[in-house]
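# Remarks on the overall topology
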Amino acid sequence: MVRPFLYPRADHPVDRSTASRAKALSVLPVALGTLALLSGCSGGGSRSNTAQVSTESSAEVPTQAATLFSNATQASGIAFTVGFQGALVGTTDIPDILPSGAAVGDYDSDGDLDLFIVRGNSGPNLLYRNLGNLQFEDVAAQAGVAFTKSANEVYQHSSPAFADLDGDGDLDLLIPGLGSDPTLVFANNGDGTFSDVTSGAGFDVMTAEHTMSPTFGDYDRDGDLDVMFAHWGTERDFNNIGETHHLWRNDSDASGIRFVPVTLAAEITPSLLTNADPQIPQRQFDNTFTPTFAELNGDGWPDLLVVADFNQSQVFLNDQDGTFTNATDFFVLIDGNGMGSAVGDYDGDGDNDWFVSSILAAGGPPPSLSTIGNRIYANNGVGTFTDETGVADVADGGWGWGSCFIDFENDGDLDIYHTNGWVREEAYGPFPEDTSRAFVSGGNGSFTEEADALGLTDREQGRGVVCADFDQDGDTDILLLHMNAQNAATLWENTTDDAASYLSVTLEGIAPNTQAIGAKIIATTGGAQQFREVTLGNNFASHNPAEQLFGLGDAQVIDTLEVTWPDGLVTTEIGVSVNQRLTLRHPSL
């Protein structure tokens with residue numbers, strides 16, 4: 001289907017008629033000011049139970065204090081370009097929005113994090129096997145995932161993800177499609193190769209035009225991982241919503257991987273598309289960008305956060321019966337043009353907060369461009385949120401995209417990294433050459449932007465980001481996906497060489513949820529607690545691994561480490577040594 005552009009552009013002006021999909025409506029006042037909406041996206045210690053523990057000691061912690069990221073791309077072996085050929089070119093903004101995507105996980109079970117990257121349809125997919133020391137080699141051809149359409153062609157792909165879909169203990173590969181190309185499922189054969197099992201897996205009946213940003217969680221608590229997609233830009237019949245293929249229930253069994261679409265049955269639609277917020281200016285196509293499963297209200301059931309364009313970000317609370325209730329407060333969720341998402345406990349009160357990247361335009365922009373920027377929503381503990389952006393001082397992120405909570409310097413506070421950029425609209429901000437943002441926490445709910453000081457000085461058209469400890473040295477590195485014509489990725493090595501301690505925690509859950517997605521971990525040191533939920537969410541077109549990395553400052557021991565598993569069982573470790581990679585197994589294993 002040939003579609004108009006969904007962003008304003010000088011060479012293809014947006015149709016302001018009532019028939020236009022990019023129609024800009026009047027801006028209405030909201031609680032925190034006037035919102036101008038975009039026309040488009042815009043040793044492990046003693047144990048209190050029988051959980052099995054394995055540890056791996058790290059190298060001695062350096063003593064010289066410094067915090068710095070260095071560009072490790074050239075020597076890493078990660079090198080590729082992006083591009084689309086065919087139907088999407090010249091008909092939609094999708095090639096500029098989703099030029100690439102990345103999945104991260106240990107697909108070959110050798111103990112380190114590998115990468116799978118899609119890059120439009122101009123070249124083969126890339127499976128970067130981690131060789132250690134930030135060195136990678138592409139083994140996509142050997143693994144059987146380089147080409148997906150024919151022996152030398154790929155479909156138009158976006159936002160891949162690694163997850164154990166069949167519960168056999170290794171990571172399978174899910175590759176969403178764009179421009180009505182199929183969403184594919186590759187089962188991990190356990191020998192470094194994959195098999196295409198899309199036929200009969202359920203996703204072969206996907207009707208959404210564009211599919212992206214999968215997130216995984218066991219919403220019905222039957223033990224396996226369900227999946228939620230976004231479908232930004234997909235045409236919708238708002239008079240007959242029906243099944244929209246956002247939420248899929250995992251019905252896999254010994255015969256193979258099987259998913260069933262249940263968005264309507266779960267009561268996520270129609271409200272996901274038709275909620276009554278008067279600030280939503282566009283109801284011709286799907287606005288969803290980046291969903292994440294995470295528990296929000298302490299009841300032990302995965303809830304759902306959905307970042308969406310056109311002020312349509314929403315909160316769905318799990319009703320514990322296979323359905324959800326739309327709990328969105330229209331006067332709080334005012335991010336305008338939400339795109340990237342980060343979920344974590346930034347304020348240290350033991351629950352999941354939510355950062356949403358958006359757009360901050362200046363210089364008298366038209367009403368179609370947002371002027372309020374990023375939002376950070378503090379969880380009140382019961383599934384409601386308070387907008388703390390003013391206190392946090394994180395609004396100015398340019399034209400934001402992929403986002404992570406990250407502890408840059410391992411001091412125990414969650415910081416924020418997000419990338420940004422857009423290919424035009426430079427009259428209202430430095431979007432074509434903007435710098436990614438590194439918001440460093442002050443430990444009191446406020447942040448300071450320090451990207452330059454940290455060495456994160458890119459001026460690329462950033463989109464997806466992966467925040468992970470690729471070299472296993474106890475700090476978080478960053479993979480940035482962008483559109484540079486020479487190499488469309490930057491690998492930032494975290495070379496923090498101070499005395500800050502850390503702990504890496506990997507959980508082994510009971511099948512079929514073998515990564516224990518949905519488990520909660522609390523690390524207590526000297527009376528201070530850090531909370532993490534093991535999520536497999538999405539940052540935008542990319543995701544982080546299930547491994548949890550705790551920065552511990554000057555702590556020399558973790559007093560208690562408590563894991564609440566998805567089934568409610570609890571493991572407590574006492575007197576856990578710092579500066580190690582710890583694996584905890586479910587008590588029944």
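For the structure itself, consult the block above.
Just so it is clear, the structure is predicted and the values come from calculations on it, not from any experiment.

This part takes up the overall build of the protein. Along the backbone of the protein there are six helices and 39 strands. Every one of the 589 residues in the protein was classed for burial, and the buried ones make up 61%. A total of about 19600 Å² of accessible surface is found on the protein, and carbon and sulfur atoms cover 49% of it.

What follows is about the pairing of strand β19 (residues 303–308). Counting buried positions along β19 yields six of six residues, so the element is predominantly enclosed. What you see with β19 is no split at all: Asp303, Leu305 and Val307 on one side and Leu304, Val306 and Ala308 on the other are buried throughout. Across six bridges, strand β18 (residues 288–294) lies against β19 in antiparallel orientation. Across the sheet, residue Thr290 finds its bridge partner in β19, namely Val307. Here β19 folds back onto strand β20 (residues 314–318), and the loop between the two strands holds five residues, one of which, Phe310, carries a positive phi near 55°.

With that settled, the discussion passes to the pattern of salt bridges. Inspection of the entire model under this criterion finds 14 salt bridges. With a closest N to O distance of 2.9 Å, Asp108 and Arg129 form a salt bridge. Separated by 21 residues along the polypeptide, Asp108 in the loop between β6 (101–105) and β7 (114–118) and Arg129 in strand β8 (residues 126–132) bring together distant segments of the chain. A relative accessible area of 28% means that Arg129 is categorised as partly exposed. For the salt bridge of Asp251 with Arg249, the shortest nitrogen-to-oxygen distance reads 2.9 Å.

An order of β5-β32-β31-β30 is seen for the four strands of this open sheet, with the pairing classed as antiparallel. Sheet topology places β5 (69–71) and β30 (465–468) at the edges, where each strand pairs with a single neighbour. On average, adjacent strands in this sheet sit at an angle of 20° to one another, irrespective of strand direction. Sheet topology note: the β30/strand β31 (residues 477–481) ladder contains four bridges and is antiparallel. Looking across to β31, one finds that Val465 is bridged to Leu480.

Another point: the sheet that holds β6. Strand pairing in a sheet relies on backbone hydrogen bonds, with the paired strands running either antiparallel or parallel. Read across the sheet, four strands follow the order β6-β7-β8-β9 without closing on themselves; strand pairing throughout is antiparallel. Of all strands in the sheet, those bounded by a partner on one side alone are β6 and β9 (135–138). Strand-to-strand, the axes of this sheet are offset by a mean angle of 25°, without reference to chain direction. Bridging between β6 and β7 involves five bridges; their strand directions are antiparallel. Considered in β7, the bridge of Ala103 is made with Phe116.

Between two cysteines, a covalent bond joining their sulfur atoms is known as a disulfide. Counted according to the given criterion, the structure contains one disulfide. Bridging Cys404 to Cys467, the disulfide has an S-S length of 2.4 Å. Its S-S torsion of approximately 100° makes the covalent link between Cys404 and Cys467 right-handed. With a gap of 63 residues between them, Cys404 in strand β26 (residues 400–406) and Cys467 in strand β30 connect regions that are remote in the sequence.

As enumerated under the stated definition, the model contains 21 aromatic pairs in all. Between Tyr107 and Phe162 the ring centres are 6.4 Å apart and the planes differ by 10°, which places this aromatic pair in the stacked class. Remark: Phe162 occurs in strand β10 (residues 161–163) and Tyr107 occurs in the loop between β6 and β7; sequence separation between them is 55 residues. The exposure class of Phe162 is buried, given its relative accessible area of 1%. Measuring from ring centre to ring centre gives 5.5 Å for Trp399 and Trp422, while their planes differ by 15°; the resulting arrangement is stacked. Remark: Trp422 occurs in the loop between β27 (415–420) and β28 (437–441) and Trp399 occurs in the loop between α5 (389–392) and β26; sequence separation between them is 23 residues. With respect to burial, Trp399 and Trp422 carry one shared label: buried. Feature note: the residues Trp232, Phe285, Phe289, Phe310, Trp399, Trp401, Trp422, Phe431 and Phe540 constitute an aromatic cluster, connected by ring pairs. Its guanidinium or amino end placed over the ring of Trp301, Arg221 lies 5.0 Å from that ring's centre, counting from NZ or CZ.

Turning to the environment of Gln142, a few remarks are in order. Within the secondary structure layout, Gln142 lies in helix α3 (residues 140–143). Judged by its relative accessible area of 57%, Gln142 falls in the exposed class. In the structure, Gln142 is positioned 50 residues away from Gly192 in sequence and 8.2 Å away in space, judged by C-alpha atoms.

Within the secondary structure, Asn275 is located in the loop between α4 (271–274) and β18. A polar contact of 2.8 Å, which involves the side chain of Asn275, links it to the side chain of Gln314.

What follows deals with unusual backbone geometry. With an omega of 15°, the peptide bond running from Thr269 to Pro270 counts as cis. Residue placement: Pro270 occurs in the loop between β17 (259–261) and α4. A cis geometry characterises the amide bond from Ala511 onward to Pro512, with omega recorded as 10°. With respect to the secondary-structure elements, Pro512 resides in the loop between β33 (501–508) and β34 (520–525). Here Ser109, not a glycine, exhibits a phi torsion of approximately 55°, which is positive. Relative to the helices and strands, Ser109 is located in the loop between β6 and β7. Of the residues examined, Ser109 reaches a relative accessible area of 53% and is grouped as exposed.

A separate point is the pairing of β6. In terms of residue burial, β6 counts as a mostly covered element, since five of its five residues are buried. Of the two faces of β6, the one lined by Gly101, Ala103 and Gly105 and the one lined by Ala102 and Val104 are each fully buried.

Our focus in this paragraph is the nonpolar core. Counting 39 residues, the largest nonpolar core has Phe203, Phe216, Leu507 and Leu561 as the members making the most contacts within it. Listed by contribution, the elements that provide at least two residues to this core are β10, β12 (184–188), β15 (226–230), β33, β34, β36 (548–553), β37 (557–564) and β39 (580–585). Residues within four places of Leu561 in sequence aside, it is in contact with Leu503, Val505, Ile521, Ile522, Ala523, Thr571, Thr572, Glu573, Val576, Leu582 and Leu584. Formed by 22 residues, the second largest nonpolar core is a distinct cluster that contains Phe84, Ile97, Leu98 and Phe431.

Before going further, it helps to spend a moment on the side chain of Asn287. Here Asn287 lies in the loop between α4 and β18. With a relative accessible area of 2%, Asn287 lands in the buried category. Here the side chain of Asn287 touches Gln312 through a polar contact of 2.4 Å, side chain to side chain. Among all residues touching Asn287, those that are not within four sequence positions of it are Trp232, Ile280, Gln282, Ala308, Asp309, Phe310 and Gln312.

Calculation criteria
- Residues numbered from 1 in each chain as written.
- Predicted model: local features only at pLDDT ≥ 70, side-chain atom pairs only at ≥ 80, totals over all residues.
- Heavy atoms only, no water.
- Helix = DSSP H or I, 4+ residues; strand = E, 2+ residues; numbered from the N terminus.
- Buried < 20%, exposed > 50% of the residue type's maximum accessible area, 1.4 Å probe, protein only.
- Areas by Shrake-Rupley, 256 points an atom, 1.4 Å probe, with all protein chains shown as cover.
- Pairing = 2+ DSSP bridges.
- Salt bridge = Lys/Arg side-chain N within 4 Å of Asp/Glu carboxyl O.
- Axes fitted to C-alpha atoms, helices over the stretch in contact; angles between N-to-C directions.
- Disulfide = S-S within 2.5 Å.
- Phe/Tyr/Trp six-rings, centres within 6.5 Å; stacked < 30°, edge-to-face > 60°.
- Lys NZ or Arg CZ within 6 Å of the ring centre and 35° of its normal.
- Polar contact = N/O pair within 3.5 Å; in protein donor to acceptor, adjacent residues only side chain to side chain.
- Core = buried A, V, L, I, M, F, W, Y, C linked by side-chain atoms within 4.5 Å.
- Contact = heavy atoms within 4.5 Å.

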